[in-house]
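# Structural features, examined
Listed below are the residues making up each chain.
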Amino acid sequence: MLLIANAEAWPGFPTTVDMLKTGADSLTALVNGISMVEADPRVRSVGYGGWPNMLGVMECDAGVMDGNTREVGTVGAVPNTIQTVRLAHEVMKRLPHVMLTGDGARRFASEIGFSLDDVMFPDSKRVWWERLEKELPPEALAKFPDIPLAPLSRTITDPERVRDTTVFLNADAEHGIHVATSTSGWAWKYPGRLGDSPIPGAGFYADSRYGAAACTHTGEMTMRCSTARSIVLAMKLGRSLSDAVKLAVDELAELSGGFLGGVVIHAVDSRGNHEVANFQCGEEIRYWLWQDNMAEPELRVAKTF
Ligand code: GLY
C-alpha cells in the first residue's frame, strides 16, 4: 500500500495513514485526512487558512475520484464551506452529476446538513485588504468593489501567496487507486475562477488498472494540458510511470502565451511506484510518502525539471 500527499498535508496525513492501516474505505480515509488540512488555519492554501478572491470572498475547490469505477465528485467556487472535499465526496455518492459550483454547491451542502461556515480567516482578510490598498489609487479604493476587476487580475497576482493545493493519492493492490484534492485556489483570483483541483483530467485522475496523478500550483497550466489524465493515458498506452510524468512535464514546457507558472505533479502506478515532479516552481518541493513497510511517514524532496 502506498500513500503520497503534498508537504502541506501534514495535519491530516497521519489520520489517513491510520485509517488505511485499519482497513477503512480508501476514499473516506483520504477525505478525512484532507478535511483536517482544510480545518487547520496554519495551512495557508487550503480551506480555512486559504486566501480569498479579489472581492475578499473565500471560494474553495475540491475533487475526489475512485479509480476502480472512475466515479468522480467535484465542487468549485463554493462559498461558506470549509469541508469542501467532503462535499465533493457527497456529490459523487448522492448525485448523478460530477461537478457542482457556486451557489448550487452551497445549496446542496445545506440540503445534506453541512453547516454554513464562517470561512474568512482574519489574517487572510487583513493581507487581502493590505494588498488592495497597495495596488489601488485612493479614488478606486473608495469605490471598491464597484470598479472593473479585470485590470486588477494581473497586477495583484501574488507569487508569495502560492497557488498550492492539498492532494492525497493512495494505491493499494487490493482496494485500488484513489485520489482527492482541495484548495482555496489562486490568491486574489477573479470571482468565479476555477482552478484545476475540481477539474477531472487536469488537476487529478485515477484509474486503478494503471495509476493516478494529481497536481498542485498553477492550475492554468494543467488545465491547458489535461495533465493528470495525460499521465494515466500514457501508462495505459504502455509508458512507465516516470516516462508518463516526463511526457506531461514536456507538454507543460511546450506551452507559450497565456499565464505560465510552476506545477507539481504527484503520480503513482498500480505496481506501487510513485513520482513527484517539480516543474519550474523555483523552490524545493517536498511531499509525504507512506508505504505499509514504513514505521512512519517520510518527507521527501520532489525531482526538479
Ligand atoms: N492548483 C490549484 C489552483 O490552480 O487553484
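Located above this text is the structure these notes cover.
Here is a short report on the structure shown in this document. (Residues numbered from 1 in each chain as written. Predicted model: local features only at pLDDT ≥ 70, side-chain atom pairs only at ≥ 80, totals over all residues. Heavy atoms only, no water.)

Before going further, it helps to spend a moment on unusual backbone geometry. Of note, the amide linkage connecting Phe 144 to Pro 145 takes the cis form, showing an omega dihedral of 10 degrees. Structurally, Pro 145 can be placed in the loop between α6 (138-143) and α7 (152-155). Of note in the backbone geometry, Trp 188 takes a positive phi value of approximately 65 degrees without being a glycine. With respect to the element layout, Trp 188 can be found in the loop between β6 (176-183) and β7 (204-207). Here Trp 188 falls in the buried class, since its relative accessible area comes to 2%. (Helix = DSSP H or I, 4+ residues; strand = E, 2+ residues; numbered from the N terminus. Buried < 20%, exposed > 50% of the residue type's maximum accessible area, 1.4 Å probe, protein only.)

Around the ligand there are 10 residues in total, and Thr 165, Arg 193, Asp 196, His 217 and Gly 219 lie nearest to it. In this structure, Arg 193 approaches the ligand through a side-chain N or O atom, which is 2.7 Å from an oxygen atom. One nitrogen or oxygen atom from the main chain of His 217 is found 2.5 Å from a nitrogen atom belonging to the ligand. When atom positions are compared with the pocket grids, the ligand is found to occupy the largest cavity. (Near = heavy atom within 4 Å. Polar contact = N/O pair within 3.5 Å; in protein donor to acceptor, adjacent residues only side chain to side chain. 1 Å grid on protein atoms, 1.4 Å probe; cavity = no way out; pocket = protein on both sides within 12 Å on 5 of 7 lines; lining within 4 Å. Sits in = over half its atoms within 2 Å of the grid points.)

Attention shifts here to the nonpolar core. Phe 168, Ile 231 and Ile 265 are the most contacted members of the largest nonpolar core, which has 77 residues in total. Non-local contacts of Ile 231, meaning those with residues more than four positions away in its chain, are made with Ala 213, Ala 244, Val 245, Ala 248, Ile 265 and Ala 267. One finds Trp 51, Trp 128, Leu 132 and Leu 149 within the second-largest nonpolar core, a separate group that totals 14 residues. (Core = buried A, V, L, I, M, F, W, Y, C linked by side-chain atoms within 4.5 Å. Contact = heavy atoms within 4.5 Å.)

It is worth spelling out the sheet that holds strand β3 (residues 71-78) at this point. The 8 strands lie next to each other as β4-β3-β2-β6-β5-β1-β11-β12, forming an open sheet whose pairing is mixed. Because the sheet does not close on itself, it has two edges, and the strands there are β4 (99-101) and β12 (298-301). The sheet shows a mean angle of 15 degrees between the axes of neighbouring strands, direction not considered. Alignment of strand β5 (residues 166-172) against β6, held across 7 bridges, turns out to be antiparallel. Paired with Thr 166 across the strands is Ser 182, a residue of β6. The strands that helix α3 (residues 84-94) touches are β2 (60-66), β3, β4 and β6; relative to β3, the one it contacts most, it runs at about 135 degrees. In the packing of helix α4 (residues 102-111) onto the sheet, the strands contacted are β3 and β4, and the crossing angle to β4 comes to about 105 degrees. (Pairing = 2+ DSSP bridges. Axes fitted to C-alpha atoms, helices over the stretch in contact; angles between N-to-C directions.)

Turning our attention to the side chain of Thr 181. Assignment of secondary structure puts Thr 181 in strand β6. Polar side-chain contacts of Thr 181 include one of 2.7 Å to the backbone oxygen of Ser 197. In this view, Thr 181 contacts Ile 34, Ala 62, Gly 63, Val 85, Thr 165, Thr 166, Val 167, Ser 197, Gly 203, Phe 204 and Ala 214; residues no more than four positions away in its chain are not counted.

For the pair helix α1 (residues 13-21) and helix α2 (residues 26-39), interaxial distance at closest approach is 8 Å and the crossing angle is 160 degrees. Taken together, α1 and α2 sit at an angle that is classed as roughly antiparallel. The two elements α1 and α2 cross, and the hand of that crossing is right-handed. Side by side, α1 and α2 meet where Thr 15, Thr 16, Met 19 and Leu 20 of the first sit next to Ser 26, Thr 28, Ala 29, Leu 30, Asn 32, Gly 33 and Met 36 of the second. (Parallel < 35°, antiparallel > 145°, perpendicular 65-115°, else oblique. Left-handed = near helix turned anticlockwise from the far one by under 90°.)

Keep in mind that these numbers describe shape and distance, not what the molecule does.
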